[in-house]
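Listed here are the chains, written in short residue letters.
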Amino acid sequence: MASKRAPVGLRLARTAKAVSQAFDGALVEAGGSLPTWLVLLSLKTAPGSNQSKLAASMGIQGATLTHHLNVMENNGLLTRRRDPDNRREHRVELTDRGEALFRRLRSAAAAFDRRLRAGLPDREVARLEGLLDRLRSNVAADAPADR
């Protein structure tokens, strides 16, 4: 008799979508969005990065990043300036307003992570992390560069 369970890939895709939507909702409530959070987090991890390194660290194309940076710069969250050593490169830095938003979104992300892991013992979380890493590794060669 055939199993009525959905394939793992479909269950994972549905779960990923639900988690992503809920996470984005938590970030919106805190005054941001997932793309904004990813840019802010990348800039905090590698301050003063140029746009090409920033795009690479986020796994997106330069044009997509430029769109996000334009919006964030217009909102006073960051500044871009030409690199004096390479005039083709732009250095991206957070403003005080960007730093404040980073702190709010970091708190929202931490609260969301606690909510997501509620009721799961540390050993189960560690096992889940390992399984997710293995699933990603199983398909990594097939994954498009920009998603």
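For the structure itself, look to the data block above.
The structure presented is a predicted model; accordingly, all values stated were derived computationally and were not measured. (Residues numbered from 1 in each chain as written. Predicted model: local features only at pLDDT ≥ 70, side-chain atom pairs only at ≥ 80, totals over all residues. Heavy atoms only, no water.)

A. Molecular detail of the overall build of the chain. The helix and strand tally for the chain stands at six helices and two strands. Along the chain direction, N to C, the helices and strands of the chain fall in the order α-α-α-α-β-β-α-α. With respect to the principal axes defined by its C-alpha atoms, the chain has extents near 65 × 35 × 25 Å. Residues classed as buried in the chain amount to 27% of the 147 residues present. For the chain, the proportion of contacts with a sequence separation of at least 24, taken over those separated by at least 6, is 51%. Put simply, the chain has 25 plus and 16 minus side-chain charges, and the middle of one group is 5 Å from the middle of the other. (Helix = DSSP H or I, 4+ residues; strand = E, 2+ residues; numbered from the N terminus. Buried < 20%, exposed > 50% of the residue type's maximum accessible area, 1.4 Å probe, protein only. Contact = heavy atoms within 4.5 Å. Lys, Arg positive; Asp, Glu negative; His and termini not counted. Charge placed at Lys NZ, Arg CZ, Asp CG, Glu CD.)

B. Structural view of the nonpolar core. By size, the foremost hydrophobic cluster in this structure holds 25 residues, and its most contacted members are Val39 and Leu65. Take this core: its biggest share by element is six residues, from helix α5 (residues 96–116). Filtering out sequence-adjacent residues up to four positions away, leucine 65 remains in contact with Val39, Gln51, Leu54, Ala55, Met58 and Ile60. (Core = buried A, V, L, I, M, F, W, Y, C linked by side-chain atoms within 4.5 Å.)

C. Structural view of the pairing of strand β2 (residues 86–94). Of the strand pairs in this sheet, strand β1 (residues 78–83) and β2 are connected by six bridges, and their pairing is antiparallel. Looking at the pairing, arginine 80 lines up with valine 92 of β2. In sequence, β1 turns back onto β2 through a hairpin of two residues. (Pairing = 2+ DSSP bridges.)

D. Looking closely at a nonpolar patch on the surface. On the surface, Val8, Leu12, Leu120, Leu128, Leu132 and Leu135 cluster together to form a nonpolar patch covering roughly 470 Å² of accessible area. Contributing elements (two or more residues each) for the nonpolar patch: α1 (8–29) and α6 (122–139). Among the secondary structure elements, leucine 120 is positioned in the loop between α5 and α6. The exposure class assigned to leucine 120 is partly exposed, which follows from its relative accessible area of 36%. (Patch = residues over 30% accessible without salt bridge, like charges linked within 9 Å, V, L, I, M, F, W, Y side chains within 5 Å. Areas by Shrake-Rupley, 256 points an atom, 1.4 Å probe, with all protein chains shown as cover. Salt bridge = Lys/Arg side-chain N within 4 Å of Asp/Glu carboxyl O.)

E. View of α1. Relative to the 32 Å expected for 22 residues at 1.5 Å per residue, α1 spans 31 Å between its end C-alpha atoms, a close match to the ideal helical length. In this structure, the buried residues of α1 make contact with α2 (34–45) and α5. (Expected span 1.5 Å × (residues − 1).)

F. Broad picture of the packing of helix α3 (residues 51–58) against helix α4 (residues 62–74). Relative to each other, α3 and α4 sit at 105°, their axes nearing to 9 Å. Considering their axes alone, α3 and α4 lie roughly perpendicular with respect to each other. Contact with α3, carried on its side by Gln51, Leu54, Ala55 and Met58, involves Gly62, Leu65, Thr66 and Leu69 of α4 and no other residues of that element. Residues of the contact of α3 with α4, tallied by class, amount to five nonpolar, three polar and no charged. (Axes fitted to C-alpha atoms, helices over the stretch in contact; angles between N-to-C directions. Parallel < 35°, antiparallel > 145°, perpendicular 65-115°, else oblique. Nonpolar A, V, L, I, M, F, W, Y, C, P; charged D, E, K, R; others polar.)

G. The arrangement of the pattern of salt bridges in detail. A complete count under the given rule lists five salt bridges for this structure. Salt-bridge contacts for aspartate 113 lead to arginine 117; the nearest nitrogen and oxygen are separated by 2.7 Å. The exposure class of aspartate 113 is partly exposed, given its relative accessible area of 34%. Note that aspartate 133 is salt-bridged to arginine 136, the shortest N-O span being 2.9 Å. With a gap of three residues between them, aspartate 133 and arginine 136 both fall in helix α6, about one helical turn apart. Here arginine 136 falls in the exposed class, since its relative accessible area comes to 53%.

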